[in-house]
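If you want the building blocks of each chain, they are given just below.
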Amino acid sequence: MSPDPLRAARLSRRTVLAGTAGALGALALPGVASAAPVDWSRAVVDSTMKRHTPATLGGWGYTRGLYLYGQYLVYRRTGEKSYLDYILAWYDRFVTESGVSNNFTNLDAMRSGQMFPLLYTETGQAKYKTAADQLRARFPSYPRTSDGGMLHATSRVGQLWADGVYMAQPFLALYGKTFGDTAYCYEEATKNVSVYFDRLKEPAKGLLYHAYDEDGSEPWASGPGRHSKFHWGRAIGWLGMTAIDLLEILPRDHPRRRRLVDVVKFLAAGYTRWQDRASGRWFQVVDRGGDKDNWLETSASAMYTFLLSRAVERGYIGAEYRPVAAKGYRGVLSQVSTGADGLTDISNISEGTNVGDTAYYYARKRNTNDFHGLGAFLIMNEQLAR
């Protein structure tokens, strides 16, 4: 996902992956031999808008913010005004001329704020800047670990969860760029990615652990490193997309830029190592594909595919990763179908997940059309589809 959609929308139509067109062609309209490939981004957005009005889409939360950001990318490419109108109608349930009423006591509550600077840029309406200013003002006092990592929630003292950086740091960087507050915003956003990465990385496997607890008091944080024990797929995907997002915003000479590229390289190698060779997707617990109860999960697979594609396009990693991304894309597309009602479905998406053991991760519901997966799919597809 790119926090600079004007640039990303232009670039997203160009794939750097061999085999992409063939993957799309394989999912062309049934019964039409020479039909153009389906625009699956449009299909997902159109289907979601038919299933949910802005009033019934759901309350304030990161999954809706993730999905609507994906829809925004589709709007930027297509110019379909109804897509933007739908986004505005949802946000206007929460944003008034006084801004947004939210105490932002956890990072998850911040994710939907990613759209505030974008909606201000689109509409010029002051209320979106007011809301953005309110969220920006929360960061200096938001509690952190001793090394500067923002806590997953004010109630989870000392805890860093890998998804937390994605909930807050892309907004902070985008706010800095949009409103001329770069010194604080760029430094704080990039520092947090580094802190999280250092606390969660597993160099031997090229993966990340799900969470870290500073004092080791959580049952899952016992032992060296004070981190959890397993490599849950989507947690790793969140941090990887954050690194890509920030690289889209940072100037070329920013001193922390090289570190973010190193994070992307680390993850790209890990993704490649643990990709399921048969399906092209990745497992719910990434490095335990041989466990009988483990399963191939769609949202993480879309996130990994996005990172690989964008990183090749930008030159952060080499061309040898192209076939890995192409296989990942085909694997994710295999989970997309059209139902008897004519609406598009995306399957095998993990429900929201806390920190747990393998039995817990394996037992998570495998949802269809969960917003974690719809949002990740749109971000990925806008990067890869022609």
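Each remark here, short or long, concerns the structure printed above.
Bear in mind the structure is a predicted one, so any value in this text is a computation, not a measurement.

1. Things to note about the overall build of the protein
Stage number 1. For the protein, the count of helices and strands is 15 helices and 12 strands.
Stage number 2. By the compact-globule yardstick of 21 Å for 386 residues, the protein fits well, its C-alpha radius of gyration being 20 Å.
Stage number 3. Counting only C-alpha atoms, the protein reaches 60 × 50 × 40 Å along its principal axes.
Stage number 4. Within the protein, the proportion of its 386 residues that are buried is 60%.

2. A few points about the nonpolar core
Stage number 1. With 123 residues, the main nonpolar core has Leu239, Leu267, Leu308 and Phe377 as its most contacted residues.
Stage number 2. Per element, the largest residue contribution to this core is 10 residues, and it comes from helix H10 (residues 233-249).
Stage number 3. Look past the residues within four positions of Leu308 in its chain and what remains in contact with it is Ala268, Tyr271, Thr272, Trp282, Ile317, Tyr321, Val324 and Ala325.

3. Focus: the environment of Phe94
Stage number 1. Relative to the helices and strands, Phe94 resides in the loop between helix H5 (81-91) and strand S1 (95-96).
Stage number 2. Each C-alpha atom of the pair Phe94 and Leu333 lies 34 Å from the other, and the pair is 239 residues apart in sequence.
Stage number 3. Not counting chain neighbours up to four residues away, the residues in contact with Phe94 comprise Gly58, Gly59, Trp60, Gly99, Val100 and Ser101.

4. Quick look at helix H15 (residues 371-384)
Stage number 1. Relative to the 20 Å expected for 14 residues at 1.5 Å per residue, H15 spans 20 Å between its end C-alpha atoms, a close match to the ideal helical length.
Stage number 2. Of all 14 residues making up H15, 14 are buried, and the element is well covered by its neighbours.

5. A few points about the packing of aromatic side chains
Stage number 1. Counted by the stated rule, this structure contains 21 aromatic pairs.
Stage number 2. With a centroid separation of 6.0 Å and 90° between ring planes, the pair formed by Trp60 and Tyr91 is classed as edge-to-face. Of this pair, Trp60 sits in the loop between helix H3 (40-51) and helix H4 (62-78) while Tyr91 sits in helix H5, placing them 31 residues apart in sequence.
Stage number 3. Overall, Tyr91 belongs to the buried group, its relative accessible area being 0%.
Stage number 4. Between Phe139 and Phe171, the aromatic rings sit 6.1 Å apart at their centres with planes inclined by 15°, giving stacked as the arrangement. Pair noted here: Phe139 is in the loop between helix H7 (126-138) and strand S3 (159-161) and Phe171 is in helix H8 (residues 164-179), with a separation of 32 residues, a long-range link.
Stage number 5. The rings of Trp60, Trp90, Tyr91, Phe94 and Phe116 are connected pair by pair, giving a single aromatic cluster.

6. What to know about unusual backbone geometry
Stage number 1. Positive phi outside glycine occurs at Phe104, with the angle close to 50°.
Stage number 2. By the secondary structure assignment, Phe104 is in the loop between strand S2 (99-100) and helix H6 (115-123).
Stage number 3. The phi dihedral of Asn369 is positive, around 65°, even though this residue is not glycine.
Stage number 4. Mapping Asn369 onto the fold places it in the loop between strand S12 (366-367) and H15.

7. Focus: the environment of Gly289
Stage number 1. If you trace the backbone, Gly289 turns up in the loop between strand S7 (282-283) and strand S8 (296-297).
Stage number 2. Residue classification places Gly289 among the partly exposed residues on the basis of a relative accessible area of 33%.
Stage number 3. Between the C-alpha atom of Gly289 and that of Val263, which follows or precedes it by 26 residues, the distance is 24 Å.
Stage number 4. Those residues in contact with Gly289, other than ones at most four positions away along the chain, are Phe283 and Asn294.

8. As for H7
Stage number 1. Compared with an ideal rise of 1.5 Å per residue, which puts 13 residues at 18 Å, H7 spans 19 Å between its outermost C-alpha atoms and is within 8% of the ideal.
Stage number 2. Taken as a whole, H7 has its buried residues at Lys127, Tyr128, Ala131, Ala132, Leu135, Arg136 and Arg138.
Stage number 3. Where the residues of H7 are buried, they touch H5, S1, S2, H6, H8 and helix H9 (182-200).

How each quantity is defined
- Residues numbered from 1 in each chain as written.
- Predicted model: local features only at pLDDT ≥ 70, side-chain atom pairs only at ≥ 80, totals over all residues.
- Heavy atoms only, no water.
- Helix = DSSP H or I, 4+ residues; strand = E, 2+ residues; numbered from the N terminus.
- Rg over C-alpha atoms; globule rule 2.2 N^0.38 Å.
- Buried < 20%, exposed > 50% of the residue type's maximum accessible area, 1.4 Å probe, protein only.
- Core = buried A, V, L, I, M, F, W, Y, C linked by side-chain atoms within 4.5 Å.
- Contact = heavy atoms within 4.5 Å.
- Expected span 1.5 Å × (residues − 1).
- Phe/Tyr/Trp six-rings, centres within 6.5 Å; stacked < 30°, edge-to-face > 60°.

Taken by themselves, the reported measurements are silent on function.
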